[in-house]
Amino acid sequence: MSTPRIGYGYDVHRLTKDRPLLLGGVEIPFEFGLAGHSDADVLLHALMDALLGAAALGDIGYLFPDSDAGYKGISSRILLRKVAAEVEENGFSVGNVDVTLVAQRPKIAPYIWQMRGNIAVDLNVSIDKVSVKATTEEGMGFTGSGEGMAAHAVAMLFQ
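Residues numbered from 1 in each chain as written. Predicted model: local features only at pLDDT ≥ 70, side-chain atom pairs only at ≥ 80, totals over all residues. Heavy atoms only, no water.

This next bit is on the nonpolar core. Counting 49 residues, the largest nonpolar core has Leu23, Leu47, Leu51, Val97, Ile119 and Met149 as the members making the most contacts within it. Of all elements in the fold, only strand E2 (21–23), strand E3 (26–28), helix H1 (42–54), helix H3 (76–89), strand E5 (93–102), helix H4 (112–123), strand E6 (130–135) and strand E7 (148–158) reach the threshold of two or more residues within this core. It is H1 that contributes the most residues to this core, 10 residues altogether. What Leu51 contacts, discounting residues up to four positions off in sequence, is Leu80, Val83, Val87, Val94, Val97, Leu123, Ala155 and Leu157. (Core = buried A, V, L, I, M, F, W, Y, C linked by side-chain atoms within 4.5 Å. Buried < 20%, exposed > 50% of the residue type's maximum accessible area, 1.4 Å probe, protein only. Helix = DSSP H or I, 4+ residues; strand = E, 2+ residues; numbered from the N terminus. Contact = heavy atoms within 4.5 Å.)

Encoded structure:
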């Protein structure tokens, strides 16, 4: 019998000029991008931490430290594939994942299917095991004021 394991991930990045906005591995037209050592894909970062948490394998800061120049500007999709491989090597399979982006704007509804597809490919699961949603904070807090974006994620793994 498989043992279920649940993990939770959270990440936040400040909005900045002169960088592309990448969310779920999709470049979204917007006047700001996200600041960070890698490509700063806040959605995938939260997801990776949820997967690593469910498997009790640490977090992305431990696996991919920002002190390592090799990760400067790296695609978070590459990192997600590395996390997926680590999870699988430790005897886990993905049951499902659910990610929520918190941002006042831009609207991401037109990109959700592409994000889900990217995540499904990178995790080697069917798209019906991947959920991506977005919400605003009605103008409140750092996400509501447009200073940054945050993402929450949960992952169900089986061992």
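Each pair of packed helices can be summarised by the angle the axes make with each other and by the distance between the axes. Packing of H1 against H4 brings their axes to within 12 Å, and their N-to-C directions diverge by 40°. Note on packing geometry: the crossing formed by H1 with H4 is right-handed. The segment H1 lies against H4, with Leu43, Leu44, Leu47 and Leu51 engaging Met115, Ile119 and Leu123. Tallied by class, the residues present in the contact of H1 with H4 amount to 7 nonpolar, no polar and no charged. (Axes fitted to C-alpha atoms, helices over the stretch in contact; angles between N-to-C directions. Left-handed = near helix turned anticlockwise from the far one by under 90°. Nonpolar A, V, L, I, M, F, W, Y, C, P; charged D, E, K, R; others polar.)

The topology assignment puts Asn118 in helix H4. For Asn118, a relative accessible area of 12% translates into the label buried. In this structure the side chain of Asn118 is engaged in a polar contact, spanning 3.0 Å, whose partner is the backbone oxygen of Gly24. Apart from the residues within four sequence positions on either side, Asn118 is in contact with Gly24, Gly25, Val26 and Arg77. (Polar contact = N/O pair within 3.5 Å; in protein donor to acceptor, adjacent residues only side chain to side chain.)

Viewed as axis vectors pointing N to C, H3 and H4 meet at an angle of 40°, and their least axial separation amounts to 8 Å. On the basis of the axis angle, H3 is oblique to H4. Facing Arg77, Leu80, Arg81 and Ala84 of H3, the residues of H4 in contact are Asn118, Ile119, Val121, Asp122 and Leu123. In terms of residue class, the contact of H3 with H4 is built from 5 nonpolar, 1 polar and 3 charged. (Parallel < 35°, antiparallel > 145°, perpendicular 65-115°, else oblique.)

Pairing of strand E1 (residues 4–16) with E7, which is carried by 11 bridges, proceeds in the antiparallel orientation. The partner of Tyr8 across the bridge, within E7, is Val154. Judged from the 2 bridges that link them, E1 and strand E4 (residues 33–34) form a sheet pairing that is antiparallel. By the bridge assignment for E4, Thr16 is matched with Gly33. (Pairing = 2+ DSSP bridges.)

Ordered in space as E4-E1-E7-E5-E6, the 5 strands form an open sheet in which the pairing is mixed. Here the strands that pair on one side only, and so sit at the sheet edges, are E4 and E6. Along the sheet, H1 contacts E1, E4, E5, E6 and E7; its crossing angle with E1, the most-contacted strand, is approximately 155°. The sheet strands contacting H4 are E5 and E6, and the helix crosses E6 at an angle near 140°.

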